[in-house]
Amino acid sequence: MTEALYQRVLPVLTILVAIIALWYAGAVFLNASWERDQAERAGVEITFAEILPKTMQQERPVLPAPHQVAGEIWATTVDKKITSKRSLIYHGWITLSATLLGFAMGVGLGVALAVGIVHSRVMDLSVMPWVIASQTVPILAIAPMIIVVLYNVGVSGLIAKASISAYLSFFPVVVGMVKGLRSPDPMQLDLLRTYNTSAWQVFWKLRWPSALPYLFTSLKIAVAIALVGAIIGELPTGAQGGFGARMLNGSYYGQVLIIWSALIGAAICAGLMVGVIGFLQKLVLGRMGLAR
Amino acid sequence: MLKKVGVGTVIEASGLNLTFETDDGPVHALSDVDLAINEGDFVSFIGPSGCGKTTFLRVIADLEQPTGGSITVNGMTPEAARLQRTYGYVFQAAGLYPWRTIEKNIRLPLEIMGYTTADMAERTAAVLDLVGLSDFGRKYPWQLSGGMQQRASIARALAFDADLLLMDEPFGALDEIVRDHLNEQLLALWARTQKTVCFVTHSIPEAVYLSTRIVVMSPRPGRIIDVIDSPLPAERPLEIRDSPSFLEVASRVRQGLRAGHSYDD
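Residues numbered from 1 in each chain as written. Chains lettered and ligands numbered in written order. Predicted model: local features only at pLDDT ≥ 70, side-chain atom pairs only at ≥ 80, totals over all residues.

**Focus on the overall build of chain B**
1) Next: Scanning chain B from N- to C-terminus turns up eight helices and nine strands.
2) Next: Expected size for 265 residues packed as a compact globule is a radius of gyration near 18 Å; at 19 Å, chain B falls within 12% of this value.
3) Next: The principal-axis extents of the C-alpha atoms in chain B amount to approximately 55 × 45 × 40 Å.
4) Next: Among the 265 residues that make up chain B, the fraction classed as buried is 46%. (Helix = DSSP H or I, 4+ residues; strand = E, 2+ residues; numbered from the N terminus. Rg over C-alpha atoms; globule rule 2.2 N^0.38 Å. Buried ≥ 20, exposed ≤ 12 C-beta atoms within 10 Å, placed from the backbone.)

Now the structure itself:
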């Protein structure tokens, strides 16, 4: 137990402490000039020892100090009712629901395309180049157009945001699953041929289990970019809720703290979702005897 | 191409040709191969790489298509024989599924062929016993040594009702000591099951020790140089390899291999 603590928790904490230290240093460095300007305007001399504490508690800092962001997150989660429009949890759930729906759509589409590509030469030659091309378009440019087009066919809100998530997240699933479904070597396929195995059995007994380790790796990438997709989907419409809406509001009113707390909230959500998939991965592959 | 063959003949090839078209021109993997294999025979195919021994086995198994001549397996085309699941094939690597236990790996062909659950359990237990792995059914492949994995893959090929066993250098990747041990076990297995075995190898002692007939092959083009009916008795302890008749057969195999090679020089 203590060994596990040293091996897994300690390295993460070390990096966390380093990041926070750098963050504080950055806050002092970036916020100090405003304090100097203030002092100059008031015609007083100010020492570094006097500047230092002031940079930690500005109303509108260039870079808020970590404890300010932590305070803002605390105030908008623990100290707010979940139903409140100023609750980060309320906004988080709006984004998360679009993320999860889009992720499910993306994974479904990705797996279906991969199965088609592996089993049909025509699909391999015709669909694969478009799958790759779809991801070379900057998502920030295409997201507003998708939202507008969908709005005009009567789709808006959750589904519209989820489709941006799906657009981003199907790609790693297709690439990973094509690789995974093709991973059995020719000898394995020859062996099944000697048993006179149907294509359906080859898929379920060989290709699908062989592809699972690839699938989980793809899912981790897909869920993280699904969240990015949902946030981007909230920007063009000036949506009423969600992390994206919080960030937009924060930048309209110069409330840097709101932007940072939404950012951190989104990062925590992504981390949790990747963690859940990692747990499922361990569970499934462990039961299959693939994780040692 | 269905052709009646004599009772007791399992495989009959006549004028068999197979040419691979490659970027460097055609490669004659098999050239005018004539061979008949009888029921209950243990036939070894020996020769240097590229002599077509594996290709011939793959033609029997309908994994390669000949470009000329004719071949029958159990009186049928290889394709019909494959569709009726009349042979078990053991590859160079064990090729066990890492996500299945040994027991479940052996059940794989049975599941595909639609055996009942009770039948599967019975057959799995029987073949595990046959290859001496009864205590390892619930282990995963990575928990077993290479030799044990290969024994499991032989058990997998024996689990269903096929009278013909095709083995493509099954012990090629194993060390000499393990190989001796497995050769002994394979002979015992063959005596108990009465199957017809086609065995590809590039080891002269292995071929002579195991076989009732030895087919010596040579490359470019792949062809049969010599077919030797072994004078050795059915009962073969490992020490038989020091007997004069064993050495005599081994020497004839070696001569055949050398004669085949002289074409290249």
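**Concerning the overall build of chain A**
1) Next: Helices and strands together make up the secondary structure of chain A, namely eleven helices and zero strands.
2) Next: Counted from the first residue to the last, chain A has its helices and strands arranged as α-α-α-α-α-α-α-α-α-α-α.
3) Next: Computed over C-alpha atoms, the radius of gyration of chain A comes to 25 Å, more than 25% over the 19 Å expected from 2.2 N^0.38 for 292 residues, which places it beyond the range of a compact globule.
4) Next: Principal-axis analysis of the C-alpha atoms gives chain A an extent of 90 × 60 × 35 Å.
5) Next: In chain A, the share of contacts with a sequence separation of at least 24, taken over all contacts with a separation of at least 6, comes to 74%. (Contact = placed C-beta atoms within 7 Å.)

**Brief notes about the interface of chain A and chain B**
1) Next: Listed as interface residues are 15 residues of chain A and, on the opposing side, 16 residues of chain B.
2) Next: In terms of residue count, the dominant contributor to the side of chain A that touches chain B is helix 8 (residues 186-194) of chain A (six residues).

**Concerning helix 5 (residues 121-134) of chain A**
Residue and element names in this part refer to chain A.
1) Next: Taking 1.5 Å of rise per residue, 14 residues should cover 20 Å, and helix 5 covers 20 Å from first to last C-alpha, within 8% of that figure.
2) Next: Of all the bends in helix 5, the largest measures some 35 degrees and sits at Val127, one to four residues before the proline Pro129.
3) Next: The element helix 5 is largely exposed, with a buried count of zero among its 14 residues. (Expected span 1.5 Å × (residues − 1). Bend = angle between axes of the 7 residues up to and from the residue.)

**Comments concerning helix 11 (residues 256-287) of chain A**
Residue and element names in this part refer to chain A.
1) Next: Look at helix 11: 47 Å from first C-alpha to last across 32 residues, which is about the 46 Å you get at 1.5 Å a residue.
2) Next: Within the span of helix 11, buried status applies to Val256, Ile258, Ile259, Trp260, Ser261, Ala262, Gly265, Ala266, Cys269, Met273 and Ile277.
3) Next: Those residues of helix 11 hidden inside the fold are in contact with helix 3 (66-77), helix 4 (88-119), helix 9 (199-234) and helix 10 (243-252).
4) Next: At the exit of helix 11 stands Gly289, carrying a positive phi of roughly 75 degrees.

**Overview of the nonpolar core**
1) Next: Judged by nonpolar contacts, the single largest core of 80 residues is most densely connected at Ile60, Ala155, Leu166 and Cys198 of chain B.
2) Next: Those residues in contact with Ile60 of chain B that sit more than four places away from it in its chain are Ile11, Val73, Pro78, Leu166 and Cys198 of chain B.
3) Next: If you look at the next biggest cluster of nonpolar residues, it comprises 50 residues, including Ala143, Leu168, Val173 and Ala230 of chain A. (Core = buried A, V, L, I, M, F, W, Y, C linked by C-beta atoms within 7 Å.)

**Side note on unusual backbone geometry**
Residue and element names in this part refer to chain B.
1) Next: Here the amide bond leading from Arg220 into Pro221 is cis, since omega sits at -10 degrees, within 30 degrees of zero.
2) Next: Counting through the fold element by element, Pro221 comes out in the loop between strand 8 (213-218) and strand 9 (223-229).
3) Next: In the Ramachandran plot, Asp62 falls in the positive-phi region, its phi being about 65 degrees despite a non-glycine side chain.
4) Next: You can see Asp62 is positioned in the loop between helix 1 (53-60) and strand 4 (68-73).
5) Next: Its 20 C-beta neighbours within 10 Å are what place Asp62 among the buried residues.
6) Next: Despite not being glycine, Glu169 shows a phi value in the positive range, around 45 degrees.

**Remarks on the sheet that holds strand 4 of chain B**
Residues and elements named next belong to chain B.
1) Next: Strand order in this open sheet of three strands is 2-1-4, and the pairing throughout is antiparallel. Two strands close off the open sheet at either side, each with one partner strand: strand 2 (25-38) and strand 4. Pairwise comparison of adjacent strand axes, ignoring direction, gives a mean angle of 20 degrees for this sheet.
2) Next: Here strand 1 (residues 9-22) pairs with strand 4 via five bridges, running antiparallel. Note on strand 4: the bridge partner recorded for Ala13 is Ile71. (Pairing = 2+ DSSP bridges. Axes fitted to C-alpha atoms, helices over the stretch in contact; angles between N-to-C directions.)

**Observations regarding the environment of Val149 of chain A**
Residues and elements named next belong to chain A.
1) Next: Its location among the elements puts Val149 in helix 6 (residues 139-152).
2) Next: Classification of Val149 as exposed rests on a count of 12 C-beta atoms within 10 Å.
3) Next: Along the chain, Val149 and Ile89 lie 60 residues apart, while their C-alpha atoms are 30 Å from each other.

**Notes on the sheet that holds strand 3 (residues 42-46) of chain B**
All names here are of chain B.
1) Next: Taken together, six strands build an open sheet; the order of strands is 5-6-7-3-8-9 and the sheet is mixed. The open sheet terminates on both sides in strands that have one partner only, identified here as strand 5 (87-90) and strand 9. On average, adjacent strands in this sheet sit at an angle of 15 degrees to one another, irrespective of strand direction.
2) Next: As paired elements, strand 3 and strand 8 share four bridges and run parallel to each other. Residue pairing in the sheet places Val43 in a bridge with Arg213 of strand 8.

**Examining the confidence of the model for chain B**
Residues and elements named next belong to chain B.
1) Next: Confidence in the prediction of chain B, expressed as mean pLDDT, is 89, and 95% of residues score 70 or more.
2) Next: Within the model, the stretch residues 1-7 combines pLDDT values under 50 with ten contacts to residues more than four positions away or in other chains.
3) Next: Overall fold confidence (pTM) sits at 0.84, and the ipTM for the predicted complex is 0.88. (pLDDT = per-residue confidence, 0-100.)

**Concerning the pairing of strand 7 (residues 196-201) of chain B**
Residues and elements named next belong to chain B.
1) Next: For strand 7, the tally of buried residues reaches six of six residues, placing the bulk of the element in the interior.
2) Next: Side chains of strand 7 alternate between two faces, with Thr196, Cys198 and Val200 and Val197, Phe199 and Thr201 buried alike.
3) Next: Pairing of strand 3 with strand 7 involves five bridges; the strand directions are parallel. When the sheet's bridge partners are listed, Phe45 is paired in strand 7 with Val200.
4) Next: The pairing of strand 6 (residues 164-168) with strand 7 spans five bridges and is parallel. When the bridges of strand 7 are listed, Leu166 appears paired with Cys198.
5) Next: What joins strand 6 to strand 7 is helix 6 (residues 176-193), and the crossover it makes is right-handed. (Right-handed = clockwise from strand over helix to strand, strands pointing away.)

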